[in-house]
Amino acid sequence: MKASPTTAHETYPDTHHDAYSKTIFGFWIYLMGDLIFFGALFATYTVLNESTFGGPTARELFNLPYTLIQSLVLLFASFMAGLGGTAAHRKEKGRTLLFFSSTFVLGSLFLGMEINEFARLIAAGNRWDQSAFLSSYFTVVATLGVHVIFGLLWVPILLIPVLLEKSLSHVSIRRLTCLKMFWQFVNIIWIFIFSLVYLLGVG
Amino acid sequence: MIDAHHGWNHSYKPQFLGLTVGVIMTFAAYRIVMYHHLAGFTLIATIFILALIQALLQFVFFLHLGLESKPQWGMLTFLFTALVLIIIVGGSLWIMNNMNYNLMPPM
Amino acid sequence: MLGRLTLEAFKHDWIEYLAGISMVLGGLFIVILITYLGRWKWLWKEWITSVDHKKIGIMYLIYSFLMLAKGLVDAAMMRAQQAVAVGESMGYLTSEHYQQIFTAHGVTMIFFVAMGVMFGLINLILPLQIGARDVAFPFLNNLSFWFFASGGMFVIVSLVIGVYSGAGWSGYTPLSGIKYNPGVGVDYWLWSIQISGVGTLLSGINFIVTILKMRCPGMTLMKMPIFVWATFVTMILVVFAFPILNAATAMLFTDRLFDTHIFTAEYGGNPMMYINLFWAWGHPEVYILILPAFGIFSEIVPVFSHKKLFGYTSMVWALVAIAFLSFIVWLHHFFTMGAGPNVNAFFGIMTMVIAVPTGVKIFNWIFTMFRGHLELKTPMYWFLGFIFLFTIGGLSGVLMSIPAADFQVHNSLFLIAHFHNVIIGGVVFGFFAGYTYWFPKFTGFKLNETLGKYAFWCWVIGFLLAFMPLYLLGFMGASRRLDHYDVAEWQPLFLVAGVGTLVILAGVGFQVLQVLVSIKQRKENRDTNGDPWNGRTLEWSTASPPPFYNFAFVPEVHERDAFWVMKHSKIKEKAIRKYEDIHMPKNTAMGFYIGFFSFLFGFGVIWAMYWLVALSFIAMIACVILHLYQKHPDYHVPADEVKMIERKQNP
């Protein structure tokens, strides 16, 4: 989709009114709203994280080395997404498919590790309904997990058309850029979860 | 923010920079806590600031914040988001802490 | 198979049966009418699947008008109850039913009437005023509407199946938690707010990108109409405030469904955090309601004063200031919840400060009228009514901004009077002004003036009769949400309020009559050239109604009040211009389907019909994929067709 081919193009107040610019900016605004959403969840966690109702505290429950590995896995997943986005802009179809597939694999690994940790906590009797601390912990981390699930679903939805088209279309590049932004946003949220929930919980 | 017409969309370098920064800072924060170098308010402040800096660097390297051509709507939106976050999160903590002190019995 | 859904859900008291049956009959009537007229295909092709902002705007308005009827009935029922339920008499409504009525009344009026009509008007007008052919994301626009409609359906369906929440439109915890409200009512409420909230958020993003990226050549930010500025600032509030509501209601949802203890009274939860988060959204929300109304008045007053708006720059800065300040006043909704004097004082002072930029705007409108050539048509009547009523309401707000004073009147009828004062005097009157003003643009004929003025007087007198007594009652100690009281001295005031409601209903009656009469008289009131009021902004440069592509040639502007300048400039427009192909998006059914399945999804969760939840979730994902995989989501209108349409409209 090209901008309207009038000579007045240069006098448009914002010359970047093409589909790509609009979509990326719109998606950016969505991410900013999502940031606020997580902010409200984090605020709630901070208010409630000491309300253990006599139960175990963060220090007793969290396994920091495990979480460190989780963090690195997600970091690499979003790094791969970043490489994928760049490859898409360079119209390198093979690399695009490889990098985003890696995101899928690493993202799935991250999700598996998170589910595993939840299972461990639940099996030991520390489910989300045992105290306000556990409730808010599960809520924050599970919300990120839901974002990861959507991010994972999204990968094949976008990669299949890429596989089938001869070279990367404008539409694919635009959508893959959004996907890459999403994964990198998820990683940024995780930085705060790792730091404020896990590290400070134990420290 | 990403702009289709710019060079940094076509280079793998910023991604590698972002990865390096992420790995280093994640380990740094981890070490500080694991080896009990700090405690109390200093610990909280340090970890929080480390997280903030890492997040900001990732915004720049991964999400190309601040690199778009004028007008920089992405940067403006981001700054306003940061402001609202400070107000809402900070304000909520101030309010809830104040109320907890006044109202809640020691748990 | 049917989860929690049993025949019990269909059992109600006789009043609820009446409501449910009349609603079902109403729906049936519409279905039969459409079938009789053979209009299903037309409805589907031209409206339901339309991505045209003008059609979507009209759908918002129609849906909101229907919800307004329901909200007014709720109000009348409450007034009737309070007029009689004193001392020995318990009135005709049970307590449970009364609670559902005031809850539904609040949700309906705020989410599905006030927001609906404002988003409807914005949809209609915004692209035209900035010289664009549509919004930035037409499909998302359609989807937003269907999410909005889906949210409203939860309120409607609860009339027949199950019950609606009785925990107030704000759903305070722990009352709205699973322990004290284990039934489906609060769940209905959660889903109506959550789903329509997603629609609102998407619209917010859509309109921001539209305004920043799709203005026509020459229209810098400081040359935009003030209505566009007001919309822009409102949408910023939407994008940054609605996620807070989403988070608060999501956590209440997990409390109810998964037994988390975030807002519960036990296991360490903190119900006050819900109230804190709710109002951190709630205060920006009321500015989301009023700012578009301010924008509407900024359009109307200059046109009917034959004078340009006084103080454009200060108007813009006032909007920006109000938007920023609206984020730092929210605690004034719960001064009495137990924060210390420092916290209360800070928020009290900020609340007083926010009155200042509002005052700037009021003075600017008045200065616009000063030494202008006033034309007192119906829109100006609504404006003058607004000045009078909104100022009183604003003053009562500033009174309550003092924490010590608020402690006396918090949650009393004084508060109820205040917010109805500003919402009716501000939002509703603003909408009526805009509706009257822009009606000819989208129908091709003006509304009857006389009936409009009758309606206006009924609304003003009715409002004063219905709500001024409530100020007094608040001072006398009457709290809100009472379905019965023991103080005989209050009854006369409640009776006066009841009469006021009838007068308002008469006003609505005049408005309905006005539409019918105007349709009958449309030939006399025809808008022949697209500019019935001698307007100043770009929407008046199009035909009435505008062609589906809005502008054959993208306008180029050089100053504010661009159309006014075009009309009066010495430069003759090039008579012969070459028509070009116009690029337009195609209609799509996916928005409707996704909205529909979102309703089934929520319904399934409410009634624990998990197979329905899974199926509708998969269906929504499938629709998204189908939408993404569309081969040709757009088409080109050939230049010849454009020429033909233009020639027909401007012979």
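Focus: the overall build of chain A
Stage number 1. The helix and strand inventory of chain A stands at six helices and zero strands.
Stage number 2. When the elements of chain A are put in sequence order from the N terminus, they spell out α-α-α-α-α-α.
Stage number 3. For the C-alpha atoms alone, the extent of chain A along its principal axes is close to 70 × 35 × 25 Å.
Stage number 4. Sorting the 203 residues of chain A into buried and exposed places 53% on the buried side.

A few points about the overall build of chain C
Stage number 1. Secondary structure assignment for chain C yields 19 helices and two strands.
Stage number 2. Computed over C-alpha atoms, the radius of gyration of chain C comes to 25 Å, within 12% of the 26 Å expected from 2.2 N^0.38 for 651 residues, which places it in the range of a compact globule.
Stage number 3. Dimensions of chain C, computed from C-alpha atoms along their principal axes, come out at roughly 75 × 60 × 50 Å.
Stage number 4. Evaluated residue by residue, chain C yields a buried proportion of 53% over its 651 residues.
Stage number 5. The long-range fraction of contacts in chain C, counting pairs at least 24 apart against all pairs at least 6 apart in sequence, stands at 84%.

Focus: the nonpolar core
Stage number 1. One finds I208, I244 and A248 of chain C to be the most contacted residues of the largest nonpolar core, which totals 277 residues.
Stage number 2. The leading source of residues in this core is helix α8 (residues 271-305) of chain C, at 23 residues.

Some words on the environment of T368 of chain C
Residues and elements named next belong to chain C.
Stage number 1. Locating T368 in the fold gives a position in helix α10 (residues 341-369).
Stage number 2. Between the alpha carbons of T368 and S305 there is a distance of 7.1 Å; along the sequence they are 63 residues apart.
Stage number 3. For T368, the residues in contact, after removing those within four places along its chain, are V301, P302, S305, K307, L309 and F310.

Quick notes on unusual backbone geometry
All names here are of chain C.
Stage number 1. Residue P174 is reached from T173 by a cis peptide bond, and omega for that bond is -5 degrees.
Stage number 2. Within the secondary structure, P174 is located in the loop between α5 (138-157) and α6 (185-213).
Stage number 3. Residue P545 follows S544 across a cis peptide bond; omega there is -5 degrees.
Stage number 4. By secondary structure assignment, the location of P545 is in the loop between α15 (491-520) and α16 (562-568).

A word on the interface of chain B and chain A
Stage number 1. Residue-level contacts link 43 residues of chain B with 41 residues of chain A.
Stage number 2. Per-element tally for the side of chain B that touches chain A: the top contributor is helix α3 (residues 73-103) of chain B, with twelve residues.
Stage number 3. When its residues are assigned to classes, the side of chain B that touches chain A shows 30 nonpolar, 13 polar and no charged.

With respect to the confidence of the model for chain A
Stage number 1. Confidence along chain A averages 91 in pLDDT terms, with 92% of residues attaining 70 or more.
Stage number 2. Contacts from residues 1-9 of chain A, a stretch scored under 50 in pLDDT, to residues over four places away or in other chains number twelve contacts.

A closer look at the interface of chain C and chain B
Stage number 1. Opposite the 16 residues of chain C that make contact, chain B presents 14 residues.
Stage number 2. For the side of chain C that touches chain B, the secondary structure elements donating two or more residues are α7 (226-258) and α8 of chain C.
Stage number 3. Counting residues per element, the side of chain C that touches chain B draws most heavily on α8 of chain C, which supplies four residues.
Stage number 4. Classifying every residue of the side of chain C that touches chain B by side-chain character gives twelve nonpolar, four polar and no charged.

A look at the packing of helix α1 (residues 19-48) of chain A against helix α6 (residues 170-202) of chain A
Residue and element names in this part refer to chain A.
Stage number 1. Relative to each other, α1 and α6 sit at 20 degrees, their axes nearing to 10 Å. Between α1 and α6, the angle falls in the class roughly parallel. Relative to α6, α1 is oriented so that their crossing is right-handed. From α1, A19, Y20, T23, I24, F27, L31, D34, F38, F42 and Y45 reach across to α6, where they touch R174, T177, C178, M181, F185, I189, F192, L196 and V197.
Stage number 2. Its residues placed into classes, the contact of α1 with α6 shows 15 nonpolar, two polar and two charged.

Reading the values: the criteria
Residues numbered from 1 in each chain as written. Chains lettered and ligands numbered in written order. Predicted model: local features only at pLDDT ≥ 70, side-chain atom pairs only at ≥ 80, totals over all residues. Helix = DSSP H or I, 4+ residues; strand = E, 2+ residues; numbered from the N terminus. Buried ≥ 20, exposed ≤ 12 C-beta atoms within 10 Å, placed from the backbone. Rg over C-alpha atoms; globule rule 2.2 N^0.38 Å. Contact = placed C-beta atoms within 7 Å. Core = buried A, V, L, I, M, F, W, Y, C linked by C-beta atoms within 7 Å. Nonpolar A, V, L, I, M, F, W, Y, C, P; charged D, E, K, R; others polar. pLDDT = per-residue confidence, 0-100. Axes fitted to C-alpha atoms, helices over the stretch in contact; angles between N-to-C directions. Parallel < 35°, antiparallel > 145°, perpendicular 65-115°, else oblique. Left-handed = near helix turned anticlockwise from the far one by under 90°.

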